[in-house]
Amino acid sequence: MTELPSAYDPAAVEPDLYLDWERAGLFHAEPDDPGEPFSIVIPPPNVTGSLHVGHALDNTIQDVIIRRERMLGKNAVWIPGTDHAGIATQNVVEKQLAAEGTDRASLGREAFLERVWAFKEESGGTILRQLRKLGASADWEREVFTFDGPRSNAVREVFVSLYEQGLVYRGERLINWCPRCQTALSDIEVEHADVDGQLVSFVYPWADGSSGGVEVATTRAETMLGDAAIAVHPDDERYRELVGREVRHPFQDRTIPVVADDYVDPEFGSGAVKVTPAHDPNDHEIGQRHDLAVIDILDDDAVTTEVVGERFAGLDRFEARRRVTAALDEAGLLGEVEAYRHSVGHCSRCDTVVEPRLSLQWFVAMRPLADRAAQAVRDGRTVFVPEAQTKPFLDWLDNLHDWCISRQIWWGHRIPAWYGPDGQIEVSREDLDREGWVQDEDVLDTWFSSQLWPFSTLGWEHPDSDTPELRTWYPTSTLVTGYDINTFWVSRMLMIALWFTDDVPFHTVHNHGLVRDEHGKKMSKSFGNVIDPLDLVDKYGADASRFALLRSAAPGTDVPLAEEWVEGAKRFTNKVWNAGRFALTNLDGTRPGALPAREQLALEDRWILSRLTAVRAEVDAAYGRYDWPVVARGLYHFVWDELADWYLEAVKVRVYGDDQAAAEVARRVLAVVLDEVLRLLHPMMPFVTETLWRALTGADGGRDSLMVAAWPSGSQELADPDAERGFATLQSLVTEVNRFRSQNGIPPKARFELTVATDEPALLEAHAAVVCSLAGLDGLRVVDVLAERAGTSTVQFAAGQAQVDLAGLIDVDAELARLRKERDKAAEDLKRVEGKLANDSFVERAPAEVVQHERDKRTRIHASIAELEERIGSLGALRG
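Turning next to the overall build of the protein. Scanning the protein from N- to C-terminus turns up 29 helices and 29 strands. Dimensions along the principal axes, computed over C-alpha positions, put the protein at roughly 110 × 75 × 55 Å. A total of 880 residues make up the protein; the buried ones form 56% of that total. Sequence separation of 24 or more characterises 77% of the internal contacts of the protein that already satisfy a separation of 6 or more. Accessible area for the protein stands at about 38300 Å²; split by element, carbon and sulfur atoms hold 47% of it.

Right, let's talk about helix α24 (residues 721-743) for a bit. For α24, with 23 residues, the first-to-last C-alpha span of 32 Å sits near the 33 Å given by 1.5 Å per residue. Within α24, the full set of buried residues consists of A723, G726, F727, T729, L730, Q731, S732, L733, V734, V737, F740 and R741. Phi for G745, located one or two positions after α24, is positive at around 65°.

What follows concerns unusual backbone geometry. In this structure, the amide linkage connecting V385 to the following residue, P386, adopts the cis form with an omega of 5°. Turning to its location among the elements, P386 is positioned in the loop between β15 (383-385) and α11 (390-398). With an omega dihedral of 0°, the bond running from Y474 to P475 counts as a cis peptide bond. Here P475 shows up in the loop between α14 (468-473) and β22 (476-482). Unusually for a residue other than glycine, Q182 sits at a positive phi of about 60°. Tracing the sequence through the fold places Q182 in the loop between β5 (168-178) and β6 (183-185). Taking the relative accessible area as the measure of exposure, Q182 reaches 24% and is therefore partly exposed. Although it is not a glycine, D351 adopts a positive phi angle of roughly 70°.

Counting 204 residues, the largest nonpolar core has F159, F448, L561, W628, M684, L733 and L754 as its most contacted members. With twelve residues, helix α20 (residues 628-650) is the largest single contributor of residues to this core. Look past the residues within four positions of L754 in its chain and what remains in contact with it is L733, V737, L777, G779, L780, R781, A802, Q803 and V804. In this structure, A229, I256, I295 and I297 belong to the second largest nonpolar core, which totals 36 residues.

Further remarks concern the sheet that holds strand β8 (residues 213-218). The strand order β8-β7-β13 describes an open sheet built from three strands, whose pairing is antiparallel. Each end of this open sheet is capped by a strand with a single partner; those strands are β8 and β13 (334-347). Here the strands of the sheet are splayed against their neighbours by 20° on average, with no regard to which way each runs. Bridging between strand β7 (residues 190-205) and β8 involves six bridges; their strand directions are antiparallel. Looking at the pairing, F202 lines up with V216 of β8.

If you walk through the whole model with that rule in mind, you get 68 salt bridges. With a closest N to O distance of 3.6 Å, E121 and K120 form a salt bridge. Its relative accessible area of 16% is what places K120 among the buried residues. The partner of E604 in a salt bridge is R654, with the nearest N and O atoms 3.3 Å apart. Here the residue E604 occupies a position in helix α19 (residues 603-624), and R654 occupies one in helix α21 (residues 652-655), the gap between them amounting to 50 residues. The two residues E604 and R654 agree in class, both being buried.

With that settled, consider the packing of aromatic side chains. All chains considered together, the criterion is met by 29 aromatic pairs. A centroid spacing of 6.0 Å and a plane angle of 35° characterise the contact between W403 and F448, whose relative ring orientation is tilted. Taken together, the positions of W403 in strand β16 (residues 403-404) and F448 in helix α12 (residues 446-450) put the pair 45 residues apart, joining distant regions of the chain. Comparing W403 with F448, the two get one shared label, buried. An aromatic cluster is present here, built from F159, Y163, W362, W403 and F448 joined pairwise through their rings. The ring of F145 has K120 lying over it, and the distance from NZ or CZ to the ring centre is 4.3 Å. The ring of Y636 carries the charged tip of R551 above its face, separated from the ring centre by 5.0 Å.

It is worth spelling out the packing of α19 against α24 at this point. Viewed as axis vectors pointing N to C, α19 and α24 meet at an angle of 115°, and their least axial separation amounts to 8 Å. Looking at the two axes, α19 sits roughly perpendicular to α24. Considering the relative orientation of α19 and α24, their crossing is left-handed. Residues L603, E604, R606, W607, S610 and R611 of α19 pack against P721, D722, A723, E724, G726, F727, L730 and Q731 of α24.

Next up on the list: the sheet that holds strand β20 (residues 438-439). Pairing is antiparallel in the open sheet, where three strands are placed in the order β19-β18-β20. Looking at which strands have only one partner, the edges of the open sheet turn out to be β19 (425-427) and β20. Both strand β18 (residues 417-419) and β20 contribute to a ladder of two bridges, which runs antiparallel. Bridged to Y419 within β20 is V438. Sitting on the sheet, helix α7 (residues 149-164) is in contact with β18, β19 and β20, with an inclination near 130° to β19.

The next thing to look at is the environment of G634. Among the structural elements, G634 can be located in helix α20. For the pair G634 and A614, spaced 20 residues apart in the sequence, the C-alpha separation amounts to 9.8 Å. If we skip the residues at most four places from it in the chain, G634 touches V615, E618 and V619.

Helix length check: α7, at 16 residues, gives a terminal C-alpha distance of 23 Å against a target of 22 Å (1.5 Å per residue), a fit within 8%. When we look at burial in α7, the residues that qualify are R151, S152, A154, V155, R156, E157, V158, F159, V160, S161 and L162.

Before going further, it helps to examine the packing of α20 against helix α26 (residues 768-775). Packing of α20 against α26 leaves a shortest axis separation of 9 Å and a crossing angle of 130°. Viewed along their axes, α20 and α26 adopt a mutual orientation that is oblique. Every pair of crossing elements has a handedness; the one defined by α20 and α26 is right-handed. Every residue of α26 that contacts α20 at W646, E649 and A650 is listed here: V770, S773 and L774. Considered class by class, the residues forming the contact of α20 with α26 number four nonpolar, one polar and one charged.

Strand direction decides the pairing type here: strand β26 (residues 753-758) and strand β29 (residues 800-805), joined by five bridges, are antiparallel. The residue bridging T758 from the neighbouring strand is G800, located in β29. Hairpin connection of strand β28 (residues 792-797) to β29: two residues between the antiparallel strands.

Right, let's get into the environment of T613. Relative to the helices and strands, T613 resides in helix α19. As for T613 and L718, which are separated by 105 residues in sequence, their C-alpha atoms are 6.5 Å apart. Ignoring anything within four residues of it in the chain, the contact list for T613 reads S715, Q716, L718 and A719. At a separation of 2.8 Å, a polar atom in the side chain of T613 contacts the main-chain carbonyl oxygen of L609.

Further remarks concern the side chain of T183. Relative to the helices and strands, T183 resides in strand β6. Within the structure, the side chain of T183 is placed 2.6 Å from the backbone nitrogen of Q408, a separation counted as a polar contact. Those residues within four positions of T183 in sequence are excluded, and the remaining contacts are I87, N176, W177, C178, R407, Q408 and I409.

Basis of the calculations
- Residues numbered from 1 in each chain as written.
- Predicted model: local features only at pLDDT ≥ 70, side-chain atom pairs only at ≥ 80, totals over all residues.
- Heavy atoms only, no water.
- Helix = DSSP H or I, 4+ residues; strand = E, 2+ residues; numbered from the N terminus.
- Buried < 20%, exposed > 50% of the residue type's maximum accessible area, 1.4 Å probe, protein only.
- Contact = heavy atoms within 4.5 Å.
- Areas by Shrake-Rupley, 256 points an atom, 1.4 Å probe, with all protein chains shown as cover.
- Expected span 1.5 Å × (residues − 1).
- Core = buried A, V, L, I, M, F, W, Y, C linked by side-chain atoms within 4.5 Å.
- Pairing = 2+ DSSP bridges.
- Axes fitted to C-alpha atoms, helices over the stretch in contact; angles between N-to-C directions.
- Salt bridge = Lys/Arg side-chain N within 4 Å of Asp/Glu carboxyl O.
- Phe/Tyr/Trp six-rings, centres within 6.5 Å; stacked < 30°, edge-to-face > 60°.
- Lys NZ or Arg CZ within 6 Å of the ring centre and 35° of its normal.
- Parallel < 35°, antiparallel > 145°, perpendicular 65-115°, else oblique.
- Left-handed = near helix turned anticlockwise from the far one by under 90°.
- Nonpolar A, V, L, I, M, F, W, Y, C, P; charged D, E, K, R; others polar.
- Polar contact = N/O pair within 3.5 Å; in protein donor to acceptor, adjacent residues only side chain to side chain.

Dropping the structure here:
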């Protein structure tokens with residue numbers, strides 16, 4: 001049997017073992033491989049990216065799932081790839097150009113795209129290489145890219161088909177606009193942050209010259225230059241008689257009507273709101289309902305245009321805000337100006353404040369697609385884990401607006417629309433080469449291509465595509481992703497897949513949460529709490545890093561993480577290693593095989609096999625429902641608290657004893673238990689388990705790997721409640737004896753005889769050798785009744801009492817001094833706590849939970865003092 005190093009060194013094991021798996025083709029699957037199909041597609045990371053802790057969690061979960069499905073005998077494929085990430089990638093390359101003193105405009109479109117492709121070839125695979133360090137067993141032979149040839153063909157086919165069906169159209173609508181990136185943005189590309197601003201109130205005077213007017217308030221004073229109406233609620237008695245009247249714009253030669261609209265909240269502010277249809281989505285809808293003028297006051301750079309009048313034209317929007325506020329003050333129309341903290345949208349790529357703006361763009365009409373997707377979820381064709389994510393997902397679909405899909409950048413799938421010299425538009429699957437015709441300059445939103453991911457990765461390029469991969473693995477089985485992109489990505493995949501394949505793209509969506517620090521705080525460079533997963537892997541190994549992430553990753557909940565928790569997971573890795581190494585050292589060449597007959601099994605054998613049966617059932621069910629903390633806790637507890645702490649210690653009696661037949665039974669059971677534990681742990685901790693399993697089984701690597709070994713499927717026949725009850729009695733006695741040692745300062749190596757009076761004399765007599773070994777005793781004597789003798793102490797356990805002769809075991813004077821000192825300190829602590837609780841000011845003003853904490857502390861101290869007094873009394877009697 002292979003001799004293992006005394007300490008487990010991940011750095012010495014993981015790289016070579018990963019290469020061995022990959023070279024053996026263990027990550028690769030073919031459509032005609034045997035087994036029920038199972039498939040996962042990786043949420044494609046950006047080609048600009050490096051592995052962050054969110055990627056680490058997401059891909060660890062996927063790897064756990066795919067490894068278990070392989071072991072279950074399924075034809076399991078995990079398809080990797082990357083996203084071209086239009087705006088993000090273009091921004092990276094533009095920054096490089098800026099550092100070189102040039103820009104994309106100077107290069108021109110074709111030269112710029114060549115530069116981006118070069119960047120992609122050089123850096124685009126970084127994150128996938130990093131995933132290998134984490135142990136990700138993706139089918140790298142099937143790696144794809146959202147901007148490669150087949151995926152580009154699929155994108156064009158979908159765009160043209162939707163256009164032909166009237167679902168893609170070009171129109172002028174309100175969109176998110178980034179003045180820095182000079183492009184429209186999808187909702188997911190807008191990040192909202194609370195900022196300090198001003199809520200400016202001002203009055204619009206009546207157009208007929210009568211006194212007074214209507215007061216409104218805004219955080220964007222400059223937009224009043226594009227106001228088209230004032231809206232009030234139709235049931236608001238204050239304004240009912242004013243609807244239909246007009247106010248005068250103070251800086252422009254025009255009037256503005258007062259309209260009634262249900263959107264207005266009469267309880268907010270004055271109950272009247274200014275309406276700027278070109279610069280606010282809600283205002284735009286009001287404008288459409290009332291046929292209001294749409295006045296776009298800003299250009300692409302967010303600078304005011306001539307439409308606002310000479311006084312304010314040519315100003316940056318924020319300067320215009322200051323000038324308008326000042327002008328309102330000069331005109332005597334300014335009301336209260338309040339400091340106001342509110343949520344403002346920022347470009348996720350450059351942090352520029354996003355401007356809602358009317359723009360001519362390409363859109364997808366979403367309602368027909370959304371209705372079909374919502375029905376699929378309601379029918380259970382796609383389910384969410386956890387189920388709680390279903391309602392917000394459906395709410396999103398039920399209220400979905402049309403999607404702006406055009407982007408004013410160069411890197412991406414260029415829109416396949418051509419414009420003729422006489423204003424014609426032609427959308428085509430093939431490039432048009434006609435005199436006087438030019439292709440649309442814009443590209444498609446990155447999400448337009450990534451929405452096709454579940455089926456485009458399997459070879460779909462058009463409705464007639466019929467690849468072996470599609471026939472075998474589509475629909476995919478499970479999508480693993482954070483809940484934060486259910487609406488932006490998951491919904492789009494579901495909608496487009498149902499529209500073009502007439503099937504859902506995945507049967508299950510497993511949502512995990514966001515990784516946060518140990519206090520639940522978002523990880524951010526500005527907070528200084530970012531954890532680099534690659535640093536963790538280098539320091540503690542991939543297995544420990546994976547286990548630490550998984551043990552807190554309950555479905556749908558955010559995942560706290562601290563480096564010391566990874567260090568704790570490394571200790572567990574070492575525990576697994578040491579348990580395996582001990583077993584392998586003492587197996588004497590025994591390989592996993594059939595268990596001995598039941599009548600040959602010792603109590604500890606029956607106990608560990610019964611516990612393994614229970615843990616296997618618990619863990620297997622938790623794996624199936626993606627409840628990673630239950631899996632992690634179950635295996636951690638079994639390996640550390642039951643296998644290592646109890647069973648391995650108990651079998652030493654037989655393994656090291658003279659009865660060779662008994663030793664052989666112990667080895668056979670130990671080999672089976674270790675084999676099954678390694679299989680159950682493998683999806684979570686693949687490296688240490690594979691290394692130990694090869695040593696245990698004699699496997700020489702390659703295709704002979706734990707990766708493709710059968711998943712444990714033992715029967716419930718080994719469940720043995722009697723053995724669990726019996727061994728629990730032995731555990732109780734050993735635990736109490738060890739506690740007695742600790743409390744009385746008796747060294748672990750000090751051996752003594754124990755006299756026991758018990759309800760189960762036969763049990764203890766039959767297993768006296770095991771108890772003596774576990775508790776470090778010279779002997780165990782079972783009696784009917786304990787005799788009262790001076791110089792002894794009694795220990796209570798689950799099935800009776802045990803008596804210890806203290807003579808020679810304890811330095812009574814020293815121990816009495818220690819206990820009295822401990823008692824006196826506890827008395828001082830009690831005095832402080834009672835002083836607090838006697839203070840009426842503290843009890844009345846402190847939070848209720850703080851007061852209760854002090855009361856609980858008082859109770860615990862009282863109990864501790866009572867126990868110390870009892871022990872002092874016992875020792876005093878011995879001394880007397």
